[in-house]
Amino acid sequence: MRQFKPLAWMMAIAIAGTMTACSIDSYEPEKPILIIDPVENKLLAACGVSESETRSGSYEQLLFTEHDIEWYDATTREIKFREMHKPLYEILGTFRQIKFYLGGKELFMANFVCDWDSRLYTGLVLHYDIITDPYQGHYFLQDCYPLPFFDLDEVQTNVRENAEKLELFTHCLESKGKVKK
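Here the residue index of a chain counts from 1 through its sequence in written order. Thresholds applied to this predicted model are a pLDDT of at least 70 for local features of residues and 80 or more for the giving and counting of side-chain atom pairs; totals over whole chains, interfaces and linings are not thresholded and use all residues. Based on all heavy atoms of the structure, the side-chain values leave hydrogens and waters out of the count.

Caption draft 1: Highlighting the nonpolar core. F64, L92, F100, L141 and F169 are the most contacted members of the largest nonpolar core, which has 31 residues in total. Among the elements that line this core, the one with the most residues is strand 6 (residues 105-114), at 5 residues. Contact criterion: two residues are considered in contact whenever any of their non-hydrogen atoms come within 4.5 Å of each other. Excluding its chain neighbours within four sequence positions, the residues that come into contact with F64 are A45, A46, I69, F81, M84, L88, L92 and F100. Side-chain atoms within 4.5 Å link the members of a nonpolar core, which is a set of buried Ala, Val, Leu, Ile, Met, Phe, Trp, Tyr and Cys residues. Only protein chains enter the accessibility calculation, which uses a 1.4 Å probe; a residue whose area is less than 20% of its type maximum is buried, one above 50% is exposed, and one in between is partly exposed. Runs of E in the DSSP output that reach at least two residues are strands. Runs of H or I that reach at least four are helices, and both are numbered from the N terminus.

Caption draft 2: Layout of the packing of aromatic side chains. Only the six-membered ring of Trp is used, alongside the rings of Phe and Tyr, when aromatic pairs are assigned; centres must lie within 6.5 Å, and planes under 30 degrees apart are stacked while those over 60 apart are edge-to-face, with the rest tilted. Under the definition given, this model contains 9 aromatic pairs. For the ring pair F108 and F169, a centre distance of 5.7 Å and an interplane angle of 70 degrees mean the geometry is edge-to-face. With F108 in strand 6 and F169 in helix 3 (residues 153-175), this pair connects stretches of sequence that are 61 residues apart. Taken as a pair, F108 and F169 share a single burial class, namely buried. The criterion is that NZ of a Lys, or CZ of an Arg, lies within 6 Å of the ring centre and within 35 degrees of the ring normal, and then a charge sits over that ring. The positively charged end of K180 is found above the aromatic ring belonging to W71, 4.0 Å away from the centroid.

Caption draft 3: Fine view of the pattern of salt bridges. The rule for a salt bridge is simple: a side-chain nitrogen of Lys or Arg has to be within 4 Å of a carboxyl oxygen of Asp or Glu. Counted according to the given criterion, the structure contains 6 salt bridges. With a shortest N-O distance of 3.0 Å, E60 and K99 are connected by a salt bridge. Of the two residues, E60 sits in strand 2 (residues 58-65) while K99 sits in strand 5 (residues 97-102), which places them 39 residues apart along the sequence. By relative accessible area, E60 is classed as partly exposed at 36%. Overall, the relative accessible area of 16% leaves K99 in the buried class.

This is how it looks when you write it as structure tokens:
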């Protein structure tokens, strides 16, 4: 009889485990259908594009992500970045262009310009404005540089082409609570 007690206990445990496993599956409530905004699950990032010295073309380096952005003002298009280990304008200054990505897809490309840049840019730029507030520079996504050339036909064409992309950029930051009201 003593030989059967351990066997009986093992069988009782096996039967109880099987019954528990079956009952868990049968009591699972229906899960609601969730509609997820595709922007919310994608990371916004910017890479610097630099020409390499070889024939292979150019290379990209990650500059910042949405985690480095404190807020974005959709009206003025100012981007406030958090403090970084090195001033952002120094990091950006070594690259000729900046590609903005949403997830793995390119959203748009912008040239990096500073107040002392004397060239005309008719496309999207990330402008580092140090003249307005010399103690703290400000970054703006602008349709051209300098702004008095905004009425040029080429600039207006680029504005229309970039409108949807900039709206997606704003929506992405808004979904993460980073758009300044």
